[in-house]
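# Structure at a glance
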Amino acid sequence: MRNKATQADTGDIPAVQTRGLSFTWPGQQQPMAFPDIDLNPGDHLFIHGPSGSGKSTLLNLLAGMILPGAGDIHLLGTRIDALRAGARDRFRADHIGVIFQQFNLVPYLSALANVTLPCRLSAQRLARTGNQAETQARQLLDQLAIPEDHWHRGVTRLSIGQQQRVAAARALIGAPGLILADEPTSALDTDNRDRFLDLLLKLAERSRSSVLFVSHDRSLAQHFHQQIALGESA
Ligand code: ADP
Ligand code: MG
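Residues numbered from 1 in each chain as written. Chains lettered and ligands numbered in written order. Predicted model: local features only at pLDDT ≥ 70, side-chain atom pairs only at ≥ 80, totals over all residues. Heavy atoms only, no water.

By the naming in an unreviewed UniProt entry, the chain goes by Putative ABC transport system ATP-binding protein and is assigned to Marinobacter oulmenensis.

Structure follows, in structure tokens:
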């Protein structure tokens, strides 16, 4: 375990604190019950579990896309499950960077425009780049080893590995308090996977963003400060 990083703007308020969370999809006989999560600002948590154990459901709960059947979710001091839908969307835009399994990049935008997008949707994210979204996007793409002659290309013309790093840059821009990642490494070979994770976590550390990363692949746990398992019956 490492030092408990503290974030200047959140003090000792946990990045994530959940209690007694459960969720039931239509057609499910039993609610899925999730272990409690305590994640300190700047820390990196790995959550592993087999396919179907509820990893994506949990991330959707934490992102405020769906509401728990029971339990509560505090993110950066805000109880997000008590917010109305519009306020949850606002909170997500301001404070959460999401890396989806399929990346969900906007296909008709360039790599650079995909990365700056969160700053066009959130004045707070823009302000945290010092109102220099494009400059920070360029720095991130450079740090994530996307060649400069690819920055203005439509993202569909990039390789899978490059698309994944563009998705990471989009999550990192404007230093969100929390980055949620849903198995974004499953399409990569082991070397690229380890390189990607090291880079993502190093850049998250620089912006003091907490990271919560889910995957079925337990061998990724070594990169993280903490880990939690979801069982088959979670
Ligand atoms: P994981 O990401 O670990 O593979 P999921 O959260 O996607 O797990 O799924 C957990 C359980 O919830 C599975 O049984 C799955 O079939 C069910 N589930 C997930 N999404 C939906 C949905 N949109 N509608 C109904 N059931 C769903
Ligand atoms: Mg999933």
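Following the structure, the description resumes.
### Description of unusual backbone geometry
Of note, leucine 76 is a non-glycine position whose phi angle comes to about 50°, a positive value. Following the sequence through the fold, leucine 76 ends up in the loop between strand 5 (70-75) and strand 6 (78-79). Classification of leucine 76 as buried rests on a relative accessible area of 15%. Not every positive phi belongs to a glycine, and alanine 145 is a case in point at roughly 60°. Assignment of secondary structure puts alanine 145 in the loop between helix 5 (133-143) and helix 6 (160-172). Accessibility expressed as a relative area gives 49% for alanine 145, which makes it partly exposed. (Helix = DSSP H or I, 4+ residues; strand = E, 2+ residues; numbered from the N terminus. Buried < 20%, exposed > 50% of the residue type's maximum accessible area, 1.4 Å probe, protein only.)

### Things to note about the packing of aromatic side chains
The way to describe two aromatic rings as a pair is by their centre distance and the angle between their planes. Scanning all chains against the criterion turns up four aromatic pairs. Pairing phenylalanine 23 with tryptophan 25 gives two aromatic rings, centres 4.8 Å apart and planes at 75°, and the pair type is edge-to-face. Ring-pair connections join several aromatic residues into one group, and the members of that group are Phe46, Phe213 and Phe224. (Phe/Tyr/Trp six-rings, centres within 6.5 Å; stacked < 30°, edge-to-face > 60°.)

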